Amino acid sequence: MKKTKLTISGIGLCILILSCSSIFFYNDAFTLFKIQVPIMMISGYFMATFLASYILDRKIFLARSQNLDTINPYKTMIQILPYMNWFIFGFFGVMCFISILVLVFLA
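### Things to note about the side chain of Asn-85
- With respect to the secondary-structure elements, Asn-85 resides in helix α3 (residues 72-106).
- Judged by relative accessible area, which is 12%, Asn-85 ranks as buried.
- Within polar-contact distance, the side chain of Asn-85 engages the side chain of Ser-53 at 3.2 Å.

### Considerations on the environment of Ser-65
- Structurally, Ser-65 is set in helix α2 (residues 29-65).
- Its relative accessible area of 47% is what places Ser-65 among the partly exposed residues.
- Put simply, Ser-65 and Phe-89 are 24 residues apart on the chain and 26 Å apart in space, counted from C-alpha to C-alpha.
- A polar side-chain atom of Ser-65 sits 2.9 Å from the main-chain carbonyl oxygen of Leu-62.

### Examining the packing of aromatic side chains
- One pass over the full model with this rule turns up five aromatic pairs.
- When the centroid spacing of 5.3 Å and the interplanar angle of 55° are considered together, the rings of Tyr-45 and Phe-46 count as tilted.
- Each residue in the set Tyr-45, Phe-46, Phe-50 and Phe-89 is aromatic and connected to the rest through ring pairs, giving one cluster.

### Regarding the state of the cysteines
- One pass over the full model with this rule turns up zero disulfides.
- Between Cys-20, a cysteine without a disulfide, and Cys-14, which holds the nearest cysteine sulfur, the sulfur-to-sulfur distance is 12 Å.
- Between Cys-96, a cysteine without a disulfide, and Cys-20, which holds the nearest cysteine sulfur, the sulfur-to-sulfur distance is 14 Å.
- Relative accessible area serves as the criterion here: at 11%, Cys-96 is assigned to the buried category.

### Quick notes on unusual backbone geometry
- For Asn-67, which is not glycine, the phi dihedral falls at a positive 60°.
- Inspection of the secondary structure puts Asn-67 in the loop between α2 and α3.
- Relative accessible area serves as the criterion here: at 60%, Asn-67 is assigned to the exposed category.

What counts and what doesn't
Residues numbered from 1 in each chain as written. Predicted model: local features only at pLDDT ≥ 70, side-chain atom pairs only at ≥ 80, totals over all residues. Heavy atoms only, no water. Helix = DSSP H or I, 4+ residues; strand = E, 2+ residues; numbered from the N terminus. Buried < 20%, exposed > 50% of the residue type's maximum accessible area, 1.4 Å probe, protein only. Polar contact = N/O pair within 3.5 Å; in protein donor to acceptor, adjacent residues only side chain to side chain. Phe/Tyr/Trp six-rings, centres within 6.5 Å; stacked < 30°, edge-to-face > 60°. Disulfide = S-S within 2.5 Å.

What follows is the structure, given as structure tokens:
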């Protein structure tokens, strides 16, 4: 099982922590709404989506290693896992992108 999803999630967490801590150094509302909050949203998106995808992949890996992949809930989850990953990345990516555009252009 690849650890790249977990690594990208950890990088997103580090960027999120750094951008949250930088709020205390820059007390400007323009910098906050135009730069820091979009960075927090993007890093939170990467952290959450890659961690959710990693957890789902790990569940499937454990089900296959315990020979539970023929039982109906696991069998169905294995079949729809690629679609679940696309939905997680696509839906939340679009929502993050729209939120950032609203912040940058309307705030």
